[in-house]
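Breakdown of the fold
Listed here are the chains, written in short residue letters.
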Amino acid sequence: MKWICGLGLAATLAFQPVMAESTFGHHPLTPQARDAFVTDLLKKMTLDEKIGQLRLISVGPDNPKEVIREMIKKGQVGAIFNTVTRPDIRKMQDQVMQLSRLKIPLFFAYDVIHGQRTIFPITLGLASSWDLDAVNTVGRISAYEAADDGLNMTWAPMVDITRDPRWGRVSEGFGEDTYLTSQMGRAMVQAMQGKSPADRYNVMTSVKHFAAYGAVEGGRDYNTVDMSPKRLFQDYLPGYKTALDAGSGGVMVALNSLNGVPATADSWLLKDVLRNDWGFKGITISDHGAIKELIKHGVASDPQDAVRIAINAGVNMSMSDEFYSKYLPGLVKSGAVSEAEIDDAVRHVLNVKYDMGLFNDPYSHLGPKGSDPTNTNAESRLHRPQARDVARKSLVLLKNRLETLPLKKSGTIAVVGPLADSKRDMMGSWSAAGVAEQSVTVLQGIRNAVGDKAVVMFQKGANVTDNKGIQDFLNQYERAVSVDARSPQKMIDDALAAAKQSDVVVAVVGESQGMAHEASSRSDITIPPSQLKLLDALKATGKPLVIVLMNGRPLALVKEDMQADAMLETWFSGTEGGNAIADVLFGDYNPSGKLPMSFPRSVGQIPIYYNHLRTGRPYDFQHPNKYTSHYYDAANGPLYPFGYGLSYTRFTLSDVRLSAKTLARNGTLNASVTVTNSGKRDGATVVQLYLHDQTASISRPVEELKSFKRIFLKAGETQTVTFPIDINALKFWNARMQYVVEPGKFDVMIGLDSARTKNSVFTLL
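Residues numbered from 1 in each chain as written. Predicted model: local features only at pLDDT ≥ 70, side-chain atom pairs only at ≥ 80, totals over all residues. Heavy atoms only, no water.

Looking at an unreviewed UniProt entry, the protein carries the name Periplasmic beta-glucosidase, with the source organism given as Izhakiella australiensis. UniProt, in its Catalytic activity (unreviewed entry) section for the protein, records the words "Hydrolysis of terminal, non-reducing beta-D-glucosyl residues with release of beta-D-glucose." What UniProt records for the protein under Subcellular location (unreviewed entry) is the sentence "Periplasm". (UniProt positions renumbered as here; feature names shortened; annotations may be inferred.)

Here you go:
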C-alpha cells in the first residue's frame, strides 16, 4: 500500500490490476451470461447444497473458525461476515476450493459504513457536508480499503429517514430529509460499487434497513412502525429506491414491523414492491437473527413456521442463525416450502456472487498469497489527508458570538472535557476495522495546531456520565468509557484551576460513541448531568467558553446555547477528527457544514422536522394566538433548523429571479439567486432550494428540499446560482396512491438554511 501515497487518490482508485486466470475460466459479466451460468449450476446442486448457499454466518464465539471450516466442507455456508483480514479470508475460501463438491465461492461482508481502516465522520456528520464529492471520496476509499482486506460486500449505506433523535441509529443515517438522503445514498452506492463490484477495489453495497426502520415508535430501537401508505411512499421509500436504481446489489431487511407485519415476513414489501414494482434483481438478506425473532413478533408459532414465512416472503439469505439450514429440508419435504422458492432464493445468491466476479476468480479481492500486508494495521494503509478534508467539511458552526472563533495560536488555552482526549469516541459507532490508537483527539489536534506558540492545559473535568448503570451498559461489550477515580468535585476543581489560568476555555462535551449506537436509544437527549455541572462551573469563571460537541444525534442545547460564546458541532469525526476540528477552531479552515436534522429545544418537541404538513391553525410567532398549533410553555420551532450552519464570513443572497412565471408540464423553469461573500474571509456555503405546493388535493409540506449546490467564494466574490425546476420536483402521492402532479401555484424558496429564505412564485399550467 505504500505506493498509494505517491500516486494521488484519483490514480490510486482508478488502478485495477489484471485478474489472474482461475480454474473457473472467464465468464462475461453480463446479465445474459450470468443467468445461463446460474441456471446450469442450479441443475447440478442438491437440495442441501442449495440451502447451504442461503446461510450467512458470523465468525465469533458461537461459530469458531474450526467449526466454520467443517460447515464449509459440507456446503453449509454461503457467505461469511466479521472476518476482515486477508489470511483468514483466504483460508476459508481455500476450504471451499479444496474440499467442497461444487466449489461455489463464499463472499465476505462487513459493516463498512463510514470507513474501513481510515475512519471518516459518522454518516450523520458526512451528511452535514452537503457535499457529494466528499461522499464519493468516502465511498471510494472505504471500498478500496475493504476490498484490500478481501471483502466483497458492505452493509451500507443506511438510508433510513429519521425524525426522532432519540433513536440510537440516527448516527448511521443521513438525517431527516428524503431528498438529501436519496442524493447521498446514490453517491455512496456509485462510489463503492464503481462500474462493477467485480473490480479489484470495489465492493457491493447492501442498502439498509428495508423499510422505514428510522420511524420506530418513541425512537426506541427494534420497535414497531405504523404509517400511512402516502407517508411511506412519499418520505421513507425514495431513499431505498434511489440507492437501488444506482445499482446496489443487496438489500438488508429491517428488524421492525411495518403496519403490523415484520419486514422479514412482509411479502408485499419484499416481492410486490421490491421485486415486481421496482424490478430489483439483487439479493435480500435478513438482519442479524431476524428470522428467529418472527416468533417473538408473534407472527410465527415455532422455528419451522418462522422459516416458512421468511423464505416465502422473499428473504433470500439468513444472517447469523441456523434456522434455514436446520428447517428448510423438512419444510420442502412436507411441501410447506416449494423447491422453486428455494431455487429463486439461491439464484439471487449466485447472481451476486457472479456479479462480484467470484466465478471468474474466487480470490479476486485477495491477490496473490505473497501480497498480504505484513502489518494489517500499518499506518501506510490509511488515507489521512482525505479523512481530514472530509471531516473539516462535516463540522457545523452553531454559534459564534462576537467572533470568539477563530482562536489565536497564542496565550494559554484550557482544553477541558471527558471527550477531549478520547481516541475511541473520535471514531464513532460502527467504526469497522479502525484502530482507536490511530485516531487524533481534539486535545492532540489543538496541540498539533499551536505547537510551541501557545500553552495548552488539559483537564478531564468530568466523566461522560456518573450514572453507574449507564457506565456498565456502555462497557458491556468493550471498555468504551473510562471512569476517573477522582470525585466529581475534585475533577471540576482541577478543571477550574486550569480554566482560571487560561485566556479561553475549549470544553469538549456530549455523548460517548456508545450512547449513539444500535441499541442505544435515549429518552433524554440532553448532555449528561456530570458534564452540565462542569459547563456551569466553567461559565462561572467568566472566561470565553467554546463548546465543542461530540455526539451522534441532535441534542437539546438551550442552556448550552446561552452559555457558550461559540459552539461547534463535530459529531464523531473519525481518524483525523482532532486535526480537522483544530483547523476550524484556529481558522485554518472556514466552517461550511449544514445540519441534516433539526435540533429540538427539548425532547417534548419530538418529532420536529422542517418539512411538516400544514395545519388549519398554524402558529405565527409574530402574531401569536391561543387557538393555534403550538406549545404554550416553550418557544416553538427548533433551536437550530434543518440546513443551518454559520461561517467565519457572511454570505448575502439577492431576491429570487425566475426565468418565467409559468411552467408547462413538458418544460423547465430556472430559479436563480446571486450569492455574495460580503465578509472578509474566503469560504464555502450551501445554497438550498425548497418548494411549496400552495393548494393541492391533500395537505402538502410547508416546504421541501428539492436541490442544493455547494459553492466556494473568495471574500467579495459574487456568483449566480441557478436551479432548474421541472414537474418531477412537483410530483407527490395523492389520496388514491397515484403519483401525480397537479396544476397550481408553487412557492420557490432559496436560502442558506430552511428557516430564512428568499421567495418567489410560479404557476404550473
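On to the confidence of the model for the protein, then. Per-residue pLDDT for the protein has a mean of 95; in total, 97% of the residues score no lower than 70. Below pLDDT 50 for its whole length, residues 1-23 participates in 37 contacts with residues either more than four positions away or in separate chains. (pLDDT = per-residue confidence, 0-100. Contact = heavy atoms within 4.5 Å.)

With that settled, the discussion passes to the sheet that holds strand β26 (residues 744-751). Here five strands make up an open sheet; going across it, the order is β19-β27-β26-β21-β22 and the pairing mixed. Each edge of the open sheet is held by one strand with a lone partner, namely β19 (662-663) and β22 (704-713). Here strand β21 (residues 683-693) pairs with β26 via six bridges, running antiparallel. Note on β26: the bridge partner recorded for D693 is F746. (Pairing = 2+ DSSP bridges. Helix = DSSP H or I, 4+ residues; strand = E, 2+ residues; numbered from the N terminus.)

The next point concerns the side chain of N152. Note on placement: N152 falls in the loop between α8 (132-148) and β4 (153-154). At a separation of 3.5 Å, a polar atom in the side chain of N152 contacts the side chain of H365. Here N152 is in contact with L106, F107, F108, V203, M204, M356, L358 and H365, once residues within four sequence places are set aside. (Polar contact = N/O pair within 3.5 Å; in protein donor to acceptor, adjacent residues only side chain to side chain.)

With the exception of glycine, most residues fall at negative phi, and the peptide bonds are largely trans. The linkage connecting K208 with the following residue, H209, adopts the cis geometry, with an omega of -10 degrees. Mapped onto the secondary structure, H209 falls in strand β5 (residues 204-210). Between L405 and P406 the backbone carries a cis peptide bond, its omega angle lying at 0 degrees. In this fold, P406 is placed in the loop between β11 (396-400) and β12 (412-416). A positive phi angle, near 80 degrees, is found at N82, a position not held by glycine. Structurally, the position occupied by N82 is in the loop between β2 (79-81) and α6 (86-99). If you check the backbone angles, A519 has positive phi at about 70 degrees while not being a glycine. Overall, A519 belongs to the partly exposed group, its relative accessible area being 37%. (Buried < 20%, exposed > 50% of the residue type's maximum accessible area, 1.4 Å probe, protein only.)

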